[in-house]
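Chain by chain, the residues:
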Amino acid sequence: MYALVDCNNFYVSCERVFAPQLAGHPVVVLSNNDGCLISRSDEAKALGLKMGEPYHLVRPLLEQHKVRVFSSNYALYGDMSRRVVQVLSNFAAGVEIYSIDEAFLDFSGMHLLVPDLLAYGIRVRSTVRQHTGIPICVGIAPTKTLAKLANRLARRQDTTGVLVLATPEQWEAALAQTPVADIWGVGRRYARKLLEMNITTGAALAALPEHWLRRHLGGVVGQRLWRELHGQPCLEWNPTEWDEEGDQLLPSATGRHSVTCTRSFGRPQHDAAVLAEAVATFAAKAAEKLRRQGLAAHLITVVLGTNRFAATAGPNTHTAVVSLAAASSDVSRLTQAALCGLRRLQRPGTAYHRAGILLSGLEPAGRGQVGLFPDAADQNQPRRDKLMTTLDALNARFGRQLVRLAATGVAKDAPGQPQAAAWAGRSAHRSPCYTTDWNDLWTVQLGI
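All values derive from a computational prediction rather than experimental measurement.

Asker: I keep staring at the overall build of the protein and nothing clicks. Help me out?
Answerer: Along the backbone of the protein there are 16 helices and 16 strands. The burial tally for the protein puts 42% of its 448 residues in the buried class. Residue pairs in contact within the protein that sit at least 24 positions apart in sequence constitute 66% of those at least 6 positions apart. Surface exposure of the protein reaches about 24300 Å², of which carbon and sulfur atoms provide 53%.

Pasting the structure below:
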């Protein structure tokens, strides 16, 4: 058995934890650069606000209904997600993080310890709410696909926020009331194809022969979907691992193909020095992700983007790929390669609206192929590895990116906080980092 835990309107819920007066009021959270709506409270959804709508277009409606608007605060959301998963880890043998607001729990053999899975799911839900303030829904079923379905229905129908699909009769009834496009694993293209064949519900899809799905829905992918819909687990289980200190979540690196860090700029950038600082910052963050997951990269892809809405011919996204002789997670090597790619890409006088780094060709760190003629860099690698370990330890203790390469820029400190980089995106409505920044901790005043 599996359980899928989904945090309700997660970004909005994180904001409400530290602003409880917003309960019952419409709230939305904006994407990077305050571009569009990416999280909406139920009250905001009732106003007709859609996911992905541009902020500048719906701003009059937001002001009319006094909707509270927040810029994205990913430091807060990431930490709150970690806290939710910490609580969930006490209720299952294993946890697999699916996204920042979703996680699968391994309930194998749980029925032997807990006969009433519905009551157990309600206990999980109430404990997460008590310890973190985040509301969740729980779907429990024999497969991941059915657990996803149970979670969706729990959110829509069940007042307890928990739904168990333990028997064929239960999941067949659930599939009968679910549009085929809402089945996890059926993408837009396949949903359109199925609707043209008058296959409109999940039950109609599950009633087809197994060989039909294998033939018409992507071969083995369709076959796995058929078996999942019939209660036979087929999808891989990738549990989240903990570090040696027991408090840092490490996503499993199994099957991971790339690590990315991309951002849109607050305003178009022409200056080569500003672009170099941005690319170096993204390379440093991507390298940190690599080391956290015990990986190293062979290829660095630098991405620059111009205005995608401009009426000009040609592509608006440009890339350059730099290959390393040996896979590395060393921030200095990756940054040097990224800046080399940037110099190949940048065109004088061109305004760039976004940039990013993609690291690929991943392999476990320390297991790379040794060159036939080792150079001085290879001989110094143990010292470089020790330096990276020390760098990560300092940043983990005193603040992320506190110790960094000068290539990322050295902004002068303003009173109380560092000055934002010239390329930084807009975040006019961002809330404080309540759980990750000493300067943003709540101040509690007691009346005497």
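So that's the structure; there's more coming.
Asker: Even after reading the chapter, I still don't get the sheet that holds strand β6 (residues 102-106), so can you show me in this structure?
Answerer: Think of a sheet as strands paired side by side through backbone hydrogen bonds, with each pair either parallel or antiparallel. Pairing is mixed across the open sheet formed by five strands, whose spatial order is β5-β6-β1-β7-β8. Strand pairing shows two members of the sheet lacking a second neighbour, β5 (95-99) and β8 (162-164), which therefore form its edges. Neighbour-to-neighbour, the strand axes of this sheet turn through a mean angle of 15 degrees, independent of strand direction. For strand β1 (residues 2-7) and β6, the ladder comprises five bridges, and the chain directions are antiparallel.

Asker: How should the pairing of strand β3 (residues 37-40) be read in this particular structure?
Answerer: Side-chain positions along a regular strand alternate between the two faces of the sheet. By the bridge criterion, three bridges tie strand β2 (residues 27-30) to β3 in an arrangement that is antiparallel. From the neighbouring strand, V29 faces β3, where its bridge partner is S39. A loop of six residues connects β2 with β3, the two strands running antiparallel in sequence, and N33 in this loop sits at a positive phi of about 65 degrees.

Asker: Would you mind showing me how to read the packing of helix α13 (residues 272-292) against helix α14 (residues 331-345) here?
Answerer: When two helices pack together, their arrangement is captured by the angle between the axes and the distance separating the axes. Between α13 and α14, the least distance of the axes is 9 Å, while the angle of their chain directions is 140 degrees. One finds that α13 runs oblique with respect to α14. Handedness of the α13/α14 crossing: right-handed. Contacts between α13 and α14 pair L275, A276, V279, A280, A283, A284, A287, L290 and R291 from the former with V331, L334, T335, A338, L339 and L342 from the latter. The class makeup of the residues in the contact of α13 with α14 is 13 nonpolar, one polar and one charged.

Asker: Quick question: what am I supposed to make of the nonpolar core here?
Answerer: Taken as a class, soluble globular proteins show a tendency for nonpolar side chains to be buried jointly. Counting residues in hydrophobic clusters, the biggest one holds 39 residues, and the most contacted among them are F10, L88, L105, F107, I134 and I136. When neighbours within four sequence positions are excluded, L88 is seen to be in contact with V5, V95, A103, L105, V124 and V128. Ranked by size, the runner-up nonpolar core spans 36 residues in total, among them V274, V322, A355 and M388.

Asker: Before we go on, may I ask you to explain the pattern of salt bridges in this structure?
Answerer: Side chains carrying opposite charge are able to pair once their charged atoms draw close together. Applying the stated criterion across every chain yields a total of eleven salt bridges. One salt bridge in this structure joins D79 and R82, with 2.8 Å as the shortest N-O distance. Separated by three residues within a single helix, D79 and R82 lie in helix α4 (residues 74-88), roughly one turn from each other. One salt bridge connects D392 with R291, and the closest N-O pair in it is separated by 2.8 Å. Taken together, the residues D392 in helix α16 (residues 381-398) and R291 in helix α13 connect sequence positions 101 residues apart. Accessibility expressed as a relative area gives 17% for R291, which makes it buried.

Asker: Explanation requested: the side chain of N395 in the structure shown.
Answerer: Inspection of the secondary structure puts N395 in helix α16. Apart from the residues lying within four places of it in its own chain, the contact partners of N395 are R400, Q401, L402 and V403.

Asker: Quick question: what am I supposed to make of unusual backbone geometry here?
Answerer: Leaving glycine out, the prevailing phi sign among residues is negative, and the prevailing peptide bond configuration is trans. We note that K66 has phi near 55 degrees; this positive angle belongs to a residue other than glycine. Here K66 is to be found in the loop between α3 (55-64) and β4 (68-70). A residue is classified by how much of its surface remains accessible, and K66, at 74% relative accessible area, is exposed. Residue N198 is not a glycine yet carries a positive backbone phi of 65 degrees. Mapped onto the elements of the fold, N198 is located in the loop between α9 (188-196) and α10 (202-206).

Asker: Is there a simple way to think about α13 in this case?
Answerer: Every α-helix carries 3.6 residues per turn, so stepping three or four residues along brings you back to the same face. With 21 residues, α13 should reach 30 Å at 1.5 Å per residue; the first-to-last C-alpha distance of 30 Å fits that figure. Sitting at the amino-terminal end of α13 is D271, which places a side-chain oxygen 2.7 Å from the backbone nitrogen of A273. Looking at the residues trailing α13, positive phi occurs at G294, about 70 degrees.

Asker: What's the story with the sheet that holds strand β14 (residues 352-364) in this structure? I'm lost.
Answerer: With antiparallel pairing, the four strands of this open sheet are ordered in space as β11-β14-β12-β13. Every interior strand has two partners, whereas the edge strands, β11 (258-269) and β13 (317-328), have only one. Along the sheet, successive strands turn relative to each other by an average axial angle of 15 degrees, direction set aside. Pairing analysis gives eight bridges linking β11 to β14, with the strands arranged antiparallel. Its bridge partner being in β14, S264 is matched across the sheet by R354.

Asker: Any chance you could explain the packing of aromatic side chains here in plain terms?
Answerer: In this description, an aromatic ring pair is defined by two values, namely the gap between the centres and the angle between the planes. The tally for this structure, following the rule as stated, stands at eleven aromatic pairs. When the centroid spacing of 6.0 Å and the interplanar angle of 50 degrees are considered together, the rings of F10 and Y11 count as tilted. Judged by its relative accessible area of 3%, F10 is buried. Look at Y11 and Y74: their rings are 6.0 Å apart centre to centre, the planes differ by 75 degrees, and that puts the pair in the edge-to-face class. Here Y11 is found in helix α1 (residues 10-17), whereas its partner Y74 is found in helix α4, with 63 residues between them in sequence. Put simply, the rings of F10, Y11, Y74 and Y77 pair up and form one aromatic cluster. Over the ring of F104 we find K144, and its NZ or CZ is 5.1 Å from the ring centre.

Basis of the calculations
- Residues numbered from 1 in each chain as written.
- Predicted model: local features only at pLDDT ≥ 70, side-chain atom pairs only at ≥ 80, totals over all residues.
- Heavy atoms only, no water.
- Helix = DSSP H or I, 4+ residues; strand = E, 2+ residues; numbered from the N terminus.
- Buried < 20%, exposed > 50% of the residue type's maximum accessible area, 1.4 Å probe, protein only.
- Contact = heavy atoms within 4.5 Å.
- Areas by Shrake-Rupley, 256 points an atom, 1.4 Å probe, with all protein chains shown as cover.
- Pairing = 2+ DSSP bridges.
- Axes fitted to C-alpha atoms, helices over the stretch in contact; angles between N-to-C directions.
- Parallel < 35°, antiparallel > 145°, perpendicular 65-115°, else oblique.
- Left-handed = near helix turned anticlockwise from the far one by under 90°.
- Nonpolar A, V, L, I, M, F, W, Y, C, P; charged D, E, K, R; others polar.
- Core = buried A, V, L, I, M, F, W, Y, C linked by side-chain atoms within 4.5 Å.
- Salt bridge = Lys/Arg side-chain N within 4 Å of Asp/Glu carboxyl O.
- Expected span 1.5 Å × (residues − 1).
- Polar contact = N/O pair within 3.5 Å; in protein donor to acceptor, adjacent residues only side chain to side chain.
- Phe/Tyr/Trp six-rings, centres within 6.5 Å; stacked < 30°, edge-to-face > 60°.
- Lys NZ or Arg CZ within 6 Å of the ring centre and 35° of its normal.

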